[in-house]
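# Secondary and tertiary structure notes
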Amino acid sequence: MSSSFYSRPTSFLMFSFHFLLVAYTAGAANFYNDFDITWGGGRGKIVGPGDILTLSLDRISGSGFQSKKEYHFGRIDMQLKLVPGNSAGTVTAYYLSSQGVNHDEIDFEFLGNTSGEPYTLHTNVYTQGKGEREQQFRMWFDPTSHFHTYSILWTPQTIVFLVDETPIREFQNMETIGVPFPKNQPMRLYSSLWNADEWATRGGLVKTDWTHAPFMASYRNFNVKAGHVMSQPNLAHRQKLRWVWKNHMIYNYCTDAKRFPRGFPPECKVKFRN
Ligand SMILES: *[C@@H]1O[C@H](CO)[C@@H](O)[C@H](O)[C@H]1NC(C)=O
């Protein structure tokens, strides 16, 4: 699918990569200072001196946390170690979101799988309350054996999703062609671990195996960089993004013609510009 994707004239592929030079002061990450555990009746925990946070999920409930602060542009990094073993049916969501019906949202969602099978990394971008911009990737490493860094870069010009510094997705500001861009509302960082075996496993084909509960995901090294941002093109990033799309993309709403019988959303029609 990805190879034919690249030859489509209407491919959404106008990335001209930027990397950011950001002025910031980074404090030592401490989950006590930066986050509130918001649900789960004790299933979410900040451990030790505040450098690790864990979420867990059992048959009764999942758990979640949110940032105390809101952010308006910047770069957010977090290291996650996902639910190991038979994690089918579990979803670890990690996202920025504003509030209300016209909210903006930048989503990472990690869909667990049966033992030894790869996770799916699901992404989406909501602008002004409208999403339906899913892209999915097969993860190219085992995200459960070690911590890996998942980052969101958000500037007035672009949103970039990064996995261990590798860009996997870019959503550029396309307001000039009528696509709203998250710009005017600050967003909070949220994460949750929940049971989604109704949709996460090929429409409910595989059920969560509760004999493996509680399921647990861990977090560390939260880091925010906010401030004035300059950008410049970066060829290496563009090449990495191409590599991910060519080898690891498993779904792209911009190539799913069945879903958009009346035509693709405007951002999908942007011509390959490279
Ligand atoms: C689990 O792995 C199988 C085999 O690789 C794959 O077909 C399926 O889509 C995966 N499920 C999820 C939720 O990632």
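See the structure shown above.
A brief look at the structure comes next.

Definitions and limits used
Residues numbered from 1 in each chain as written. Predicted model: local features only at pLDDT ≥ 70, side-chain atom pairs only at ≥ 80, totals over all residues. Heavy atoms only, no water. 1 Å grid on protein atoms, 1.4 Å probe; cavity = no way out; pocket = protein on both sides within 12 Å on 5 of 7 lines; lining within 4 Å. Points joined across faces, edges and corners; volume = space filled by probe spheres on them. Helix = DSSP H or I, 4+ residues; strand = E, 2+ residues; numbered from the N terminus. Nonpolar A, V, L, I, M, F, W, Y, C, P; charged D, E, K, R; others polar. Core = buried A, V, L, I, M, F, W, Y, C linked by side-chain atoms within 4.5 Å. Buried < 20%, exposed > 50% of the residue type's maximum accessible area, 1.4 Å probe, protein only. Contact = heavy atoms within 4.5 Å. Pairing = 2+ DSSP bridges. Axes fitted to C-alpha atoms, helices over the stretch in contact; angles between N-to-C directions.

### A closer look at empty space enclosed by the protein
- Taken as a whole, this structure holds two cavities of 30 Å³ or more when the rule is applied.
- Considered as a void within the structure, the second largest cavity measures approximately 40 Å³ in volume.
- As for the second largest cavity, its lining consists of Y71, F73, G74, R75, I76, L96, W154, V224 and K225.
- Of all elements in the fold, only β6 (74-81) and β15 (215-225) reach the threshold of two or more residues within the lining of the second largest cavity.
- Here the lining of the second largest cavity gets three residues from one element, more than from any other, and that element is β6.
- For the lining of the second largest cavity, the class distribution of residues is six nonpolar, one polar and two charged.

### Looking at the nonpolar core
- Core analysis: the largest hydrophobic core is formed by 49 residues, its most contacted members being M78, F108 and F110.
- If one sorts the elements of this core by residue count, β15 sits on top with five residues.
- If sequence neighbours within four positions are ignored, M78 has contacts with F31, F35, F65, Y94, H148, T149, Y150, L189, Y219, R220, N221 and F222.

### Comments concerning the sheet that holds strand β5 (residues 63-71)
- Read across the sheet, eight strands follow the order β2-β5-β14-β7-β8-β9-β10-β17 without closing on themselves; strand pairing throughout is antiparallel. Sheet topology places β2 (35-39) and β17 (249-252) at the edges, where each strand pairs with a single neighbour. Across the sheet, the axes of successive neighbouring strands diverge by a mean angle of 15 degrees, strand direction being ignored.
- For strand β7 (residues 90-97) and strand β14 (residues 187-195), the ladder comprises eight bridges, and the chain directions are antiparallel.

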